[in-house]
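Listed below are the residues making up each chain.
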Amino acid sequence: MNKQKRIAKSIVAGLLVLMLSYVLTGCSAGGNGEEGKETETKGQKTDASNVSETETELQTSEESDESNTSALSEGGTRIIVDALGTEVEIPERPQAVAIVNAALPSMVYAVQGTGENIKVIVPSAYKGWENSILKDLAPELAGVNTEVISNDFEVNVEALAANKPDLLICRENDAGQAEQIRAMGIPVAVVNAAKDLDGLKQQITMMGEILNCEERASCIVGWYDKIENRVNEKASEVEALSESERPRVLHIMYAEQLKIYGDGVDPYITDWVGGQNITLAGSSADTSTPTMEEVLVYDPEIIFLSNFDDVTPDDLYNNRLEGQDWSNVSAVKNHKVYKVPCGLYRWAPPNTLEKPLYVLWQASIIQPGIFGDVDMRAEVKSFFQEFFDYELTEEQIDYVLHTDLNQ
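A few points on the structure. All values reported here derive from a predicted model rather than from experimental measurement.

## Observations concerning the pairing of strand E6 (residues 167-171)
For a regular strand, the rule is simple: side chains alternate between the two faces of the sheet. Where burial is concerned, most of E6 is hidden: five out of the five residues are buried. A two-sided burial pattern is seen for E6, the buried positions comprising Leu167, Ile169 and Arg171 on one face and Leu168 and Cys170 on the other. Relative to strand E7 (residues 188-191), E6 is paired through four bridges, and the arrangement is parallel. Within E7, the position partnered with Arg171 by the bridge is Val191.

Take a look at the structure:
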């Protein structure tokens, strides 16, 4: 009997140790042993003695999600209902994911904490990886296939089948080939296309469900809520602004083609934090491509340049774009043209995971008198530290914020 008691006590003690390690095991870096590497010239893993509330939540959630690489193993299937209301049978732990969108690969990485199972992406997403901090966090994406899906999100179905994905993820407005692909035996999970932060939170939540990483996705949504609450605390000050106190803002997607973000998430953010947006009509509105004359009439006081091309603020200051004359535009004359940051991915596209950082960045530029307490260097550093256990160097923070271009 005493021997049995001693055995029972040993079992209980062992279980307690396991439970303690379950809670304390760090998982903000994604749990695959690759993220947050210590290097001599890049960022390094965070000291475990300095753990924030969000990191603690992530540590618990990722263990619960079992989202580390060792858990990415073949198993059963489960049924989800995607953004189109379609019941889809998908793998319990997807092993080979194809993604029909440029911004979503970085979201998939963030939600599951690894890029090991991302096998097919669009060329633009790969270029974004090359020019972002994601290349340091997820070097495994260096060999990803970029020849199956075009930048127009057209899927070569034969080439897709040859790559043997066990899951394809796309947005609802990129789902034209979904049924064709499903007919080939490849599950397709469709997420919503976001037009505001609530839509992005829905997208992240569904991505967590698709990837079986619901709790980690919930932590990211919680971070969204915190940033949203911080901005809303200034709502009365923003609402009190007169029209003349709200600067006219222009979001440029492709500068040489003068293609802009005319609606959607970015203009929504601008209005939210106290700016104005251009209003287009006719063919200009249909194509989100204003004429230079329309831009001159609007006369933007602040211009944001995306990372889809290499055009810089200096190119506008020195009037280098063929067929465009920016010399009389207020934003150019007053040196208020900014290259949008790029962290995990480009911040400008509507469905990028780092949108809360873009909210704060826009707010600090558009209404510095109201949002002067925003420290973007600290915000960027905190984001990577809390969600990926990765401490950026000062040089990497400069790289993310394009400090050299935005002087």
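## Comments concerning the packing of aromatic side chains
Evaluated as defined, the whole model comprises 16 aromatic pairs. Ring centres 6.0 Å apart and planes at 45° place the aromatic pair Phe384 and Phe388 in the tilted group. One end of the pair is Phe384 and the other is Phe388, both in helix H17 (residues 376-388) and four residues apart, which spans about a single turn. A relative accessible area of 0% means that Phe384 is categorised as buried. With relative accessibility at 1%, the residue Phe388 sits in the buried group. Here a set of aromatic residues connected by ring pairs shows up, and it is made of Tyr109, Trp223, Tyr224, Phe383, Phe384, Phe387 and Phe388.

## Focus: the side chain of Gln367
Take Gln367: it is sitting in the loop between helix H16 (355-366) and H17. Residue contacts for Gln367: discarding those within four places in its chain leaves Leu241, Glu245, Arg246, Pro247, Val273 and Gly274.

## Let's talk about helix H18 (residues 394-401)
Buried within H18 are the following residues: Gln396, Ile397, Val400 and Leu401. All buried residues of H18 lie within an arc of 130° about the axis, which places them on one face of the element. In this structure, the buried residues of H18 make contact with helix H5 (134-137), H16, H17 and strand E13 (390-391).

Rules used throughout
- Residues numbered from 1 in each chain as written.
- Predicted model: local features only at pLDDT ≥ 70, side-chain atom pairs only at ≥ 80, totals over all residues.
- Heavy atoms only, no water.
- Buried < 20%, exposed > 50% of the residue type's maximum accessible area, 1.4 Å probe, protein only.
- Helix = DSSP H or I, 4+ residues; strand = E, 2+ residues; numbered from the N terminus.
- Pairing = 2+ DSSP bridges.
- Phe/Tyr/Trp six-rings, centres within 6.5 Å; stacked < 30°, edge-to-face > 60°.
- Contact = heavy atoms within 4.5 Å.
- Arc of directions from axis to C-beta.

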